[in-house]
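# Results of the structural survey
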Amino acid sequence: MREAYPVERAVGIEHFVSDSDGTGGRLRASPEDFRVREVERFDAEPADADTGAYPHLVVRATLREWDTNDFAKRLSDALGISRERVSWAGTKDKYAVTTQLFTLRKIDESDLADVSIYDADIEVVGRAGRGLEFGDLAGNEFEIGVSDPERPENAGEIRDELRVWAGGSVGVPNFFGQQRFGSRRPVTHEVGLSVVRGEWEEAVRAYVANPYETEPEGSQQARREVADAFEARDWQAALDATPRRLGFERAMLNSLVESGGDGPEDFRTALEAVPSNLQRLFVNAAQSYAFNRILSERLARGLPFDRPVAGDVACFADAVDGVTLPDPDREQRVTERRVETVARHCERGRAFVTAPLVGTETELGEGEPGKIEREVLEELDLEPADFDLPGEFHSTGTRRAILVRTDLDIEQDPLTFDFALPKGSYATVLLREFLKTDPADE
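Residues numbered from 1 in each chain as written. Predicted model: local features only at pLDDT ≥ 70, side-chain atom pairs only at ≥ 80, totals over all residues. Heavy atoms only, no water.

## As for the packing of aromatic side chains
The condition that has to hold: Ring pairs are drawn from Phe, Tyr and Trp, using the six-membered ring of Trp, whenever the two centres fall within 6.5 Å, and their geometry is named by plane angle: stacked under 30 degrees, edge-to-face over 60, tilted for the rest. Either the NZ atom of lysine or the CZ atom of arginine qualifies as a charge over a ring when it sits within 6 Å of the ring centre and within 35 degrees of the ring normal.
What the rule picks out here adds up to 14 aromatic pairs. Grouped by ring-pair contacts, the aromatic residues Trp 66, Phe 71, Trp 88 and Phe 102 constitute a single cluster. Against the face of Phe 176 rests Arg 400, its NZ or CZ located 3.8 Å from the ring centre. Its guanidinium or amino end placed over the ring of Phe 16, Arg 432 lies 4.0 Å from that ring's centre, counting from NZ or CZ.

Structure follows, in structure tokens:
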């Protein structure tokens, strides 16, 4: 197996599963090269439905180079409403052209008449009795172009290898991609690991100091000064050294200035100075890193991904508009007696082998898979009970499919990939097998 690049290994991705040379090339030379459209499973009534029974206006927005959170804030400002009245099912890549649903609570279609937002097309779909939630997203359809490929003819050979490896359809390990950890500065999981270990000061230090070679030199220099200020316990100097563009870092450091930064509670309070979704992301990234490590170790030991071995935990799946969606709430432990039965379900796309996103309610596997899970957690000094944490840092955990499969169409001129993935799976994880380029060079 080919070894992954250093920035990939830093987030737990150790290998490629295909051996052929990659096509080379670049993603996102322009937003139009990366198109994403939600696979929707949210029913809407007609737009003239009773607003009392259906208080949420459902709209479909096509956005060019918009961060989902930023667009929601811009839309709420344009409507003169609270951002909390705007809901959606999943965040999308910023450097892309994306199409997704939003719900707007207590808004009429006429309220949109004078709303004009740059690089955003908004279409009224109907009305709904509730707002969108994360579970309303089944998956995403992708149309992704590659700029300046060096060996575009290799794409077909790689596709064949991935079909053989995954037992039929094109498949790759269901790794969490670089975006989960920070594309330029993959430290989010390091913060989360410190949080879960109860090392609150180290968690803050990992986020505000800890320069990374792929970020701008000005940011690196600022973080070096912050690291020195940490050693001197001079929180005002750390705050003064941090540029205003690093807003979350400044929020943490300002909290330390106010509290004095004398003990663990002060550092925990500093972490809680950032938005709640970022607090959750710290712990989620730690879980994701452990998950990637478990998959990498399974791959290194030659265990299959497309079918179970004794000791695995499998989950069943549903098909939604052509996307196979694993359901971790419908799981089954695979005993020696059940291996062949569950393998047939996996072959037909009705079930998937899983690995844990560790939390307080996690039950680890048995046999060789369980051994891998326990060894990785021991190396990381983690156990399920560690996730019994205050506030947004608490997590009960879940399980996640270790394999993601898709039907993949390839066009050669220009090199373009068309495919769909279930929610939570990363297009970049699939495409890394084809391009085999260093993410640090993007």
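Anyway, onward from the coordinates.
## Side note on the pattern of salt bridges
Note the threshold: Should a side-chain nitrogen of Lys or Arg be within 4 Å of a carboxyl oxygen of Asp or Glu, the pair is scored as a salt bridge. By the criteria applied, helices consist of DSSP H or I runs no shorter than four residues and strands consist of E runs no shorter than two, each listed in order from the N terminus. Note on exposure labels: buried denotes an accessible area under 20% of the residue type's maximum, exposed denotes more than 50%, and partly exposed covers the range between, all computed with a 1.4 Å probe on protein chains only.
Scanning the entire structure with this criterion turns up 36 salt bridges. As a salt-bridge pair, Arg 399 and Glu 373 come within 3.2 Å of each other at their nearest N and O atoms. Of this pair, Arg 399 sits in strand 11 (residues 398-401) while Glu 373 sits in helix 12 (residues 367-379), and the two are 26 residues apart along the sequence. Grouping residues by exposure puts Arg 399 and Glu 373 together as buried. The structure contains a network of salt bridges with shared partners spanning Glu 201, Glu 202, Arg 205, Glu 231 and Arg 233.

## Some thoughts on a negative patch on the surface
Here is the rule: Patch rule: a residue counts if its relative accessible area is over 30% and it has no salt bridge; like charges are joined within 9 Å, and nonpolar side chains (Val, Leu, Ile, Met, Phe, Trp, Tyr) within 5 Å. Computed with a 1.4 Å probe, the accessible areas rest on the Shrake-Rupley method; for each residue, only the protein chains presented here act as cover. Charged residues are defined narrowly, with Lys and Arg counted positive, Asp and Glu counted negative, and His plus the chain ends left uncounted. Every charge is mapped to an atom, namely NZ of Lys, CZ of Arg, CG of Asp or CD of Glu.
On the surface, Asp 48, Asp 108, Glu 109 and Asp 111 cluster together into a negatively charged patch. Relative to the helices and strands, Glu 109 is located in the loop between strand 4 (97-105) and strand 5 (120-128).

## What about the sheet that holds strand 8 (residues 313-320)?
Definition in use: At least two DSSP bridges between two strands are required for those strands to pair. Comment: axis = line fitted to C-alpha atoms, over the contacting stretch for helices; angle = value between 0 and 180 degrees taken between N-to-C directions. Throughout, a residue-residue contact means that at least one pair of heavy atoms, one from each residue, lies within 4.5 Å.
Here four strands make up an open sheet; going across it, the order is 9-8-10-11 and the pairing antiparallel. Unpaired on one side and paired on the other, strand 9 (323-333) and strand 11 mark the two borders of the sheet. Between one strand axis and the next, the sheet turns by 45° as a mean value, whatever way the strands run. Pairing of strand 8 with strand 9 involves eight bridges; the strand directions are antiparallel. Bridge pairing in strand 9 places Cys 315 opposite Glu 331. Of the strands in this sheet, strand 8, strand 9 and strand 10 (351-357) are in contact with helix 11 (residues 339-347), which crosses strand 10 at around 100°.

## A word on the state of the cysteines
Counted only if it meets this: Sulfur atoms of two cysteines make up a disulfide when they are within 2.5 Å.
A complete count under the given rule lists zero disulfides for this structure. Cys 346 carries a free sulfur, and the closest cysteine sulfur to it, the one in Cys 315, is 8.6 Å from it.

## Considerations on the packing of helix 8 (residues 247-259) against helix 9 (residues 264-271)
When two helices pack together, their arrangement is given by the angle between their axes and by how far apart the axes lie. Selection criterion: Handedness of a helix crossing follows the sense of rotation of the near helix relative to the far helix, less than a right angle counterclockwise being left-handed and clockwise being right-handed. In this count, Pro and Cys sit with the nonpolar residues alongside Ala, Val, Leu, Ile, Met, Phe, Trp and Tyr, while Asp, Glu, Lys and Arg are called charged and the others, Gly among them, polar.
Put simply, helix 8 and helix 9 touch, their axes get as near as 8 Å, and they point 145° apart. Note that helix 8 runs across helix 9; the crossing there is right-handed. Contacts between helix 8 and helix 9 involve Met 252, Ser 255, Leu 256 and Ser 259 from the first element and Asp 266, Phe 267, Thr 269, Ala 270 and Leu 271 from the second. Looking at the contact of helix 8 with helix 9 residue by residue, the classes come out as five nonpolar, three polar and one charged.

## So, empty space enclosed by the protein
Definition in use: Both site types are read off a 1 Å grid over the protein atoms alone. A 1.4 Å probe that fits but cannot get out defines a cavity, while an open set with protein on both sides within 12 Å along at least five of seven lines defines a pocket; lining residues have an atom within 4 Å of a point. Grid points are joined across faces, edges and corners, and a volume is the space filled by probe spheres set on the points.
Across all of its chains, the model carries two cavities of 30 Å³ or more by this definition. Considering only enclosed or pocket space, the largest cavity measures out at about 50 Å³ in volume. Lining the largest cavity, in full, are Ile 294, Arg 298, Asp 312, Thr 354, Ala 355, Pro 369, Ile 372, Glu 373 and Ile 402. Residue assignment for the lining of the largest cavity shows that the elements contributing at least two residues are helix 10 (276-300), strand 10 and helix 12. The greatest single-element share of the lining of the largest cavity, amounting to three residues, is contributed by helix 12. Looking at side-chain class alone, the lining of the largest cavity contains five nonpolar, one polar and three charged residues. If you add up the space inside the second largest cavity, you get close to 30 Å³. What lines the second largest cavity is simply Ala 314, Cys 315, Phe 316, Gln 332, Val 342 and Ala 351. For the lining of the second largest cavity, the element with the highest residue contribution is strand 8, accounting for three residues. For the lining of the second largest cavity, a count of residues per class yields five nonpolar, one polar and no charged.

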